[in-house]
Amino acid sequence: MQVRLIICCFFLGSLIVIIQYTSRTNNFDYRRDVLERRISYDMGQQMVEYSEAVEKQLRSQKEGIHLTNLNLDAKSKRIAKLNESINKTQIKERIFNLERHDVTHDMHTKQAATKKVCSSPMTHVAFLKTHKTASSTIMSIMQRFGYFRNLTFVMPLKKIDQYRFNYIGEPGETISYENIIPKREEDEYDLLCNHVVYNEDAFQNTFPNDTFLFTIIREPLKQLISTVNYYGYTQQGYFAKILNQSLMNPMSDYLKSPWKFEPSNPHYSVTNNKMSIDLGLPVSQIRNGSFIKSYMERLNTKFELVLLQEYFDESLILLKRFTCWSFKDMIYMSKNIWPLHQNLNLSADDIDNHRKWNVADYALYETFYKLFWRKVLKEKEFFDEVYHFRRILQKVNIHCSNDKQSKSLSIFDSKWSPGFILTPDDCIFLKMNEKQFITVIHKRMISRAYPNGNNPFEQTTIEDDLAHLFQ
Ligand SMILES: Nc1ncnc2c1ncn2[C@@H]1O[C@H](COP(=O)(O)OS(=O)(=O)O)[C@@H](OP(=O)(O)O)[C@H]1O
């Protein structure tokens, strides 16, 4: 009897050891995956840590809090001293040593060649709006820029209340003269910021030759989470099919065999390499590794900048420097922030499946992530400007958050941009949501294109539309 008990205990003990070991191995795999992802994105983190270090040191010095009131000489001397204390060379070395994927020599030289020196703000700017990447916040910056300068926007030829009113054409379509509001003969198309699929020829035919083309992307897993939160709540389209499975973890199940749920036309999908498809990757090639690689190289020759959602303010400062826009042009109040994020409970295998399914988006992100930081490294006093911009943003956001704002706010000159006055009307435009601003610009473009009122849509005046915002 005793022998049997001992044998039983022995088997039970071994079983517990095996279970513990397996779960630890899985844990290790998971941790390795997390670590790998960290290393891949660590390059950017290094730069952010650098910027935070500058910020922290400035804060810890009492007078640093009043940075904007200091005279420029004293301020730049102090920042230069802080810069010295952080070993930039070390950061640079880490960034280049950590790269896991090759970027061709061609791409390096192209980067150097595309850098522009500008003296007046660029007014021919096309923003390729990708999905769930903070693109609506960038759109709002473009809308303010163009609206106040009376520029001509490329806008969908649709009624505002129509389904997908904010898309040019139908999913998968690029710009054509049939799907955009016509421009006046004497005008050029200056700006683009609505959703549309990129196409080299169509863009060349629509915009002047000196148009600055840029876009924004996001780490693909975070982009998926944002997408699921947005479409999941409303259960639009095929999301209803995914989320209504009576399973414990529908997203995990979806990632095991996405093709079972996806629409047959990838243009109608928001989870199948959406960013790459927005950027014009042909749907027949979304799993063709060598095609994807050469397509990314091609995009790099056409897009002057590919920004990163995770480094939004850094992105805006880079954009500002490339386009010669001002701080007043670049200030923003974030749009489309989704308050509640469901926990998708994804395992390391699920994440791996996502990487396999979205192979083009991961290639896109990894390629342009590195190119973004290379561009940043070529800039001087970059993080000092980001720091200064964040302080302005903070002031603007606090000021405009007051619903009944009736005072103006003065922002002082800095070495990076002239000072400006933020009026209560500026706050109204900063706070407008996507649909309100599209409506206002749509009306202006329609009334220009059809001055005699023979337009395809019934129109109220812009003033009618704005009236309720100013009450
Ligand atoms: N300033 C700033 N910085 C960083 N991230 C920001 C910013 N503004 C918006 N967002 C986040 O972008 C997500 C919405 O993306 P889009 O506006 O591109 O969505 S859409 O495709 O137009 O529906 C949405 O992401 P999630 O909240 O993760 O869903 C927003 O929170």
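Note that this is a predicted model, so its numbers are computed, not measured.

A. Structural context of the packing of aromatic side chains. Within this structure, the stated rule accounts for 26 aromatic pairs. On the basis of an interplanar angle of 45° and a centroid distance of 6.0 Å, the ring pair of Phe212 and Phe214 is categorised as tilted. Note on Phe212: relative accessible area 0%, which makes it buried. Judged by relative accessible area, Phe214 falls into the buried class, the value being 0%. Ring geometry for Tyr238 versus Phe239: centroids 5.2 Å apart, planes at 35°, classification tilted. The pair formed by Tyr238 and Phe239 is uniform in burial state, with each residue classed as buried. Here the aromatic residues Tyr311, Tyr365, Tyr369, Phe372 and Trp373 are joined through ring pairs into a cluster of three or more. Across from the ring centre of Phe145, 3.8 Å away, lies the NZ or CZ of Arg149, which sits over that ring. The ring centre of Trp357 lies 4.0 Å from the NZ or CZ of Arg287, which sits over that ring.

B. Spatial organisation of the sheet that holds strand S4 (residues 212-217). With respect to topology, five strands assemble into an open sheet ordered S2-S3-S1-S4-S5, the strand pairing being parallel. For this open sheet the edge positions go to strand S2 (153-154) and strand S5 (305-308), each flanked by a neighbour on one side alone. Pairing of strand S1 (residues 125-128) with strand S3 (residues 191-192), which is carried by two bridges, proceeds in the parallel orientation. Paired with Ala126 across the two strands is Leu192, which belongs to S3.

C. Here's a closer look at the state of the cysteines. Tallying each qualifying case throughout the model produces one disulfide. A sulfur-sulfur distance of 2.1 Å marks the disulfide that ties Cys400 to Cys427. When the S-S torsion is -70°, as for the bridge of Cys400 with Cys427, the disulfide is left-handed. Residue Cys400 is found in helix H16 (residues 382-401), and its partner Cys427 is found in helix H17 (residues 424-431); the two are separated by 27 residues along the sequence. We note that Cys400, like Cys427, is buried.

D. Inspection of the pairing of S1 at higher detail. On S1, burial covers both faces: Val125 and Phe127 on one face and Ala126 and Leu128 on the other are all buried. As paired elements, S1 and S4 share four bridges and run parallel to each other. The partner of Ala126 across the bridge, within S4, is Leu213.

E. Representation of unusual backbone geometry in the model. Unusually for a residue other than glycine, Ala134 sits at a positive phi of about 75°. Assessed through its relative accessible area of 25%, Ala134 is described here as partly exposed. The backbone of Cys324 sits at a positive phi, close to 60°, despite the residue not being glycine. Within the element layout of this structure, Cys324 appears in the loop between helix H12 (312-323) and helix H13 (327-330).

Reading the values: rules and limits
- Residues numbered from 1 in each chain as written.
- Predicted model: local features only at pLDDT ≥ 70, side-chain atom pairs only at ≥ 80, totals over all residues.
- Heavy atoms only, no water.
- Phe/Tyr/Trp six-rings, centres within 6.5 Å; stacked < 30°, edge-to-face > 60°.
- Buried < 20%, exposed > 50% of the residue type's maximum accessible area, 1.4 Å probe, protein only.
- Lys NZ or Arg CZ within 6 Å of the ring centre and 35° of its normal.
- Pairing = 2+ DSSP bridges.
- Helix = DSSP H or I, 4+ residues; strand = E, 2+ residues; numbered from the N terminus.
- Disulfide = S-S within 2.5 Å.

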